[in-house]
Amino acid sequence: MAQIELESVTKEFPDGTTAVSSLDLAVGDGELLVLVGPSGCGKTTALRMVAGLEDVTSGTISIDGRPVNDVEPRHRDIAMVFQSYALYPHLSVYDNMAFSLKYRRAAKAEIRQRVAEAARILELEPYLQRKPRQLSGGQRQRVAMGRAIVRQPRAFLMDEPLSNLDAKLRVQMRAEIAQLQRSLGTTTIYVTHDQTEAMTLGTRVAVISGGVLQQVAAPQELYRRPANLFVAGFIGSPPMNLIDARLERGGAAGDDAGPVVVFGPHRLAIPPEVVAAHPAFERYLGEAIVLGIRPEHLHDAAIAGGPVIKLPVRLREELGSEVQVHGAIGTAAHVSADAADDLRSLATIVARMDPRTKIAEGETAEIAVDTAELQFFDPASGDSILA
Amino acid sequence: MAAIRQSGRNSRLNKKMAIWALFTLMVIIAVVMLYPFWYIIDNAFRSAGQFDRQAGHSLIGWKELFANLPVAAQLLNSTLVCAASIAIILIVSTTAGFAFAKLRYRGSGMVFLLVVSALMVPLQSIIFPEIVNLGNVHLTSSYAGAVLVYAALGTPFATFLMATYYRGISDELIEAAVIDGLGYERTFLQIAIPLSLPAIATVTVLQFIQIWDDLLVALFFLPTNQRTITAGLATLATGRTTSIPPLMAGSLISAIPAIVVYLIFQRHLVKGLTLGMGK
């Protein structure tokens, strides 16, 4: 097992593109750290630098405290699972799995024993003599995993290993990878653009955008306390509702009433315990802020309590386990410069509601807001005020 | 309903007619392609008189061929020159193709362009500089000189083909091998070469046919006692009159190795020629 550290790691390509910028990350012994971010954000480049497949422009990558910037990939003692699986098409499943051991001059008996053990764990025993082209996508994925685990490396690096599978198989393989990693206890860096994969697999999740690390935290922490607007918008499906708003002092001037957040015709009082826990609120009184509300923190007022706002309902979507209600907020939704198109919600917010809700399209619904869970962001820096 | 049935019948009829038209065209093309072979075989088994009358068959043409030409020695010469040239072409083109396709280094695109641009230089334009250069290092009038010229002429196309083929092999496959513990050298030998057998077969067949059938280089660079079969056959037609039957017999013998090589590599050749056309 190993600890992997990246200190101020930067990667610039010859054409001047900065793929990764001053990345600081530490992966603990036996930890599964997920790098997540949109396509082209630099997560795969970061992984490839750890593997030694890309040179580091500046900064240091260490494995178990030893800098490996100039160490060849084969001497880093890491195994990598690729997006395309990268199985050797001319070799059988057995030979694919035994490949690295053969070239490391392991004893034949040991190779047989390790491959047999990996095949047993991954339920590949009936396929050992087949060629990769004779296997299904899921089986190929397992062989790729098997090839990595027979080596018993210090760390696994996985580059979107599930992205070529269909949705159902992906869920199954995701669970298998999680179980396998936990049982082997091997330090793992896992790259994905799929936030569900990231949240379900990761001990911790590192969100990257534009080559810059946005936040690294445990999945729940990441979801509940996003460090900035990017993380708030990226993590969660449907994404967090982001609305341009103002923080004002409640009641008349000079009053002692706590701050309220104002957006369009709506005013919501912020619970005193939230204000007390975050003194930074004072600085933003009278200022513009970006308000964030997770869809599950908006409820049908007829079912759940809390401060109420009234919204004309534009759309009701039945999803079985929940109902998603799209309501017009009567003011502009926040659109940041780097927001993806799917975040441009055109003055509409989405609520995930109890399926018993009777709220219908066209009516003005009373929506209860869980104000203790509101998020607030600085519109200029994008950083959370609550951080 | 009847109209739909009628339309279905018309569509089937049109399809059948199209297939027959295509079949007829293919037969015509096959006849045009195969007729020269038939002409060679038919006239190889005649005497000069029988050839003039186009009647009767005999082995006189073969006797004349073996009396006038050291056929076995020249076949051996052709084989040696072909084998050595193709070996050099394969060694250079596989390694260079792999480097161009999979190794990133400054200026590789420019070097590749330079190599490929050599494809556009006709042999006739460089034959005299070649003679002078090889003469300076005493390599004219020897197998070595001809082999080097053939290798130099064949390598650009072979490199282009191999580089194209290697580009089709996923980078991740090469990287997986590198991470598995192989350096780039062993990755090339253990992974790239086995995967590129169709391209290697294609290069082998195309170069074999080209070198085996070449006359110009063989005449300029090989001494009389080391002539290839193609150059040897050309000498049969240098007199004031040419006896066609021995020439046909020699052409038949000369064509057999090319056909055998083609048949051996045929399956791979088709794969190699269609490389890059999709999944």
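**Here's the deal with the packing of helix α4 (residues 137–149) of chain A against helix α5 (residues 167–184) of chain A**
Geometrically, a packed helix pair is captured by the angle between its two axes and the distance between the axes. All names here are of chain A. Two elements in contact, α4 and α5, have axes whose closest approach is 11 Å; the angle formed by their N-to-C orientations is 15°. Accordingly, the angle class assigned to the pair α4 and α5 is roughly parallel. In this structure, the crossing between α4 and α5 has a hand that is right-handed. Residues Gly 138, Gln 141, Arg 142, Met 145 and Ile 149 of α4 pack against Leu 169, Gln 172, Met 173, Glu 176, Ile 177, Leu 180 and Leu 184 of α5. Of the residues that constitute the contact of α4 with α5, the class distribution is 7 nonpolar, 3 polar and 2 charged.

**Focus: the sheet that holds strand β17 (residues 323–328) of chain A**
All names here are of chain A. Read across the sheet, 5 strands follow the order β15-β19-β16-β17-β18 without closing on themselves; strand pairing throughout is antiparallel. Both outer strands of the open sheet, β15 (298–300) and β18 (348–353), are each paired with one neighbouring strand and no more. The average undirected angle you get between the axes of adjacent strands in this sheet is 50°.

**Some words on unusual backbone geometry**
Cis geometry is found at the peptide bond from Ser237(A) to Pro238(A), where omega equals -5°. Its location among the elements puts Pro238(A) in the loop between α8 (229–234) and β11 (241–249). Residue Glu160(A) is not a glycine yet carries a positive backbone phi of 45°. With respect to the element layout, Glu160(A) can be found in the loop between β7 (155–159) and α5. A positive phi angle, near 55°, is found at His138(B), a position not held by glycine. Note on placement: His138(B) falls in the loop between α6 (123–136) and α7 (143–168).

**Brief notes about the domain arrangement of chain B**
Residues and elements named next belong to chain B. Segmentation of chain B into domains returns domain 1 (2–44) and domain 2 (70–278). Taking the mean C-alpha position of each, domain 1 and domain 2 sit 36 Å from one another. Here domain 1 meets domain 2 over a buried area of about 490 Å², counting both sides, of which 86% is carbon and sulfur. The three residues of domain 1 that bury the most area against domain 2 are Ile 40, Asn 43 and Ala 44, which together make up 67% of that side's buried surface. Taken together, domain 1 and domain 2 are joined by 0 salt bridges. Counting across the domain 1 and domain 2 interface gives 0 residue pairs in polar contact (both at pLDDT 80 or more). Partitioning the side of domain 1 that touches domain 2 into residue classes produces 5 nonpolar, 1 polar and no charged.

**Digging into the nonpolar core**
In terms of nonpolar packing, the biggest core is built from 95 residues, with Leu35(A) and Leu65(B) touching the most fellow members. Looking at this core element by element, the count peaks at 10 residues for α7(B). Leave out the neighbours within four places in its chain, and Leu65(B) touches Val71(B), Leu233(B), Leu236(B), Pro246(B), Ala249(B), Gly250(B) and Ile253(B). If you look at the next biggest cluster of nonpolar residues, it comprises 48 residues, including Ile111(A), Met145(A), Ile149(A) and Phe156(A).

**Concerning the interface of chain A and chain B**
Counting residues at the interface gives 25 residues for chain A and 18 residues for chain B. For the chain A and chain B pair, buried surface summed over both sides reaches about 1,800 Å², with 58% attributable to carbon and sulfur atoms. Linking chain A to chain B there are 3 salt bridges. Where chain A meets chain B, there are 9 residue pairs in polar contact (both at pLDDT 80 or more).

**Concerning the pairing of strand β3 (residues 32–36) of chain A**
Residues and elements named next belong to chain A. Of all the 5 residues making up β3, 5 are buried; the element is thus mostly covered by neighbouring parts of the structure. Neither face of β3 is left uncovered, since the one carrying Leu 32, Val 34 and Val 36 and the one carrying Leu 33 and Leu 35 both have all their residues buried. Bridge count for β3 against strand β8 (residues 187–192) is 5 bridges, and the pairing is parallel. The residue of β8 that forms the bridge with Val 34 is Tyr 190. In this structure, β3 lies alongside strand β9 (residues 204–209), joined through 4 bridges in parallel fashion. When the sheet's bridge partners are listed, Val 36 is paired in β9 with Val 207.

**A look at a positive patch on the surface**
Residue and element names in this part refer to chain B. A contiguous patch of positive charge on the surface is contributed by Arg 5, Arg 9, Arg 12 and Lys 16. You can see Lys 16 is positioned in helix α1 (residues 2–44). Residue Lys 16 is classed as exposed on the basis of its relative accessible area, which comes to 57%.

**Regarding the sheet that holds strand β4 (residues 58–63) of chain A**
Each strand in a sheet pairs with its neighbour through backbone hydrogen bonds, running either in the same direction (parallel) or in the opposite one (antiparallel). Residue and element names in this part refer to chain A. Taken together, the 4 strands give an open sheet; going across it, the order is β2-β1-β4-β5, and neighbouring strands pair in antiparallel fashion. At either end of the open sheet lies a strand with only one pairing partner, and these are β2 (18–27) and β5 (66–67). By the bridge criterion, 2 bridges tie β4 to β5 in an arrangement that is antiparallel. Bridge pairing in β5 places Ile 63 opposite Arg 66.

**Examining α1(B)**
At 3.6 residues per turn, the α-helix brings residues three or four places apart onto the same side. Residue and element names in this part refer to chain B. Over its 43 residues, α1 extends 62 Å from the first C-alpha to the last, a length consistent with the 63 Å expected when each residue adds 1.5 Å. At Leu 34, α1 shows its maximal kink, close to 35°; a proline, Pro 36, follows between one and four residues later. Listing the buried residues of α1 in full gives Asp 42, Asn 43 and Ala 44.

**Digging into the pairing of strand β6 (residues 78–81) of chain A**
All names here are of chain A. Side chains Ile 78 and Met 80 of β6 all project onto a buried face; the interleaved residues Ala 79 and Val 81 project onto the opposite face, where all are buried too. Both β6 and β7 contribute to a ladder of 4 bridges, which runs parallel. The residue bridging Ala 79 from the neighbouring strand is Phe 156, located in β7.

**A short note on the pattern of salt bridges**
Enumeration over the complete set of coordinates arrives at 24 salt bridges over all chains. Across the salt bridge formed by Arg151(A) and Asp180(B), the nearest N and O atoms sit 3.6 Å from each other. Note that Arg151(A) is positioned in the loop between α4 and β7 and Asp180(B) in the loop between α8 (171–179) and α9 (184–195), a pairing that runs across two chains. Assigned by exposure class, Arg151(A) and Asp180(B) land together as buried. Where Asp354(A) meets Arg356(A), a salt bridge forms, and the shortest distance between an N and an O atom there is 2.8 Å. Judged by relative accessible area, which is 28%, Asp354(A) ranks as partly exposed. Take Arg356(A): its relative accessible area is 57%, and that puts it in the exposed class. Salt bridges sharing partners connect three or more residues here, namely Lys11(A), Arg48(A), Glu54(A) and Glu175(B).

Conventions adopted
Residues numbered from 1 in each chain as written. Chains lettered and ligands numbered in written order. Predicted model: local features only at pLDDT ≥ 70, side-chain atom pairs only at ≥ 80, totals over all residues. Heavy atoms only, no water. Axes fitted to C-alpha atoms, helices over the stretch in contact; angles between N-to-C directions. Helix = DSSP H or I, 4+ residues; strand = E, 2+ residues; numbered from the N terminus. Parallel < 35°, antiparallel > 145°, perpendicular 65-115°, else oblique. Left-handed = near helix turned anticlockwise from the far one by under 90°. Contact = heavy atoms within 4.5 Å. Nonpolar A, V, L, I, M, F, W, Y, C, P; charged D, E, K, R; others polar. Pairing = 2+ DSSP bridges. Domains from an automatic or database assignment. Buried area = accessible area lost by both parts, 1.4 Å probe. Salt bridge = Lys/Arg side-chain N within 4 Å of Asp/Glu carboxyl O. Polar contact = N/O pair within 3.5 Å; in protein donor to acceptor, adjacent residues only side chain to side chain. Core = buried A, V, L, I, M, F, W, Y, C linked by side-chain atoms within 4.5 Å. Buried < 20%, exposed > 50% of the residue type's maximum accessible area, 1.4 Å probe, protein only. Patch = residues over 30% accessible without salt bridge, like charges linked within 9 Å, V, L, I, M, F, W, Y side chains within 5 Å. Areas by Shrake-Rupley, 256 points an atom, 1.4 Å probe, with all protein chains shown as cover. Lys, Arg positive; Asp, Glu negative; His and termini not counted. Charge placed at Lys NZ, Arg CZ, Asp CG, Glu CD. Expected span 1.5 Å × (residues − 1). Bend = angle between axes of the 7 residues up to and from the residue.

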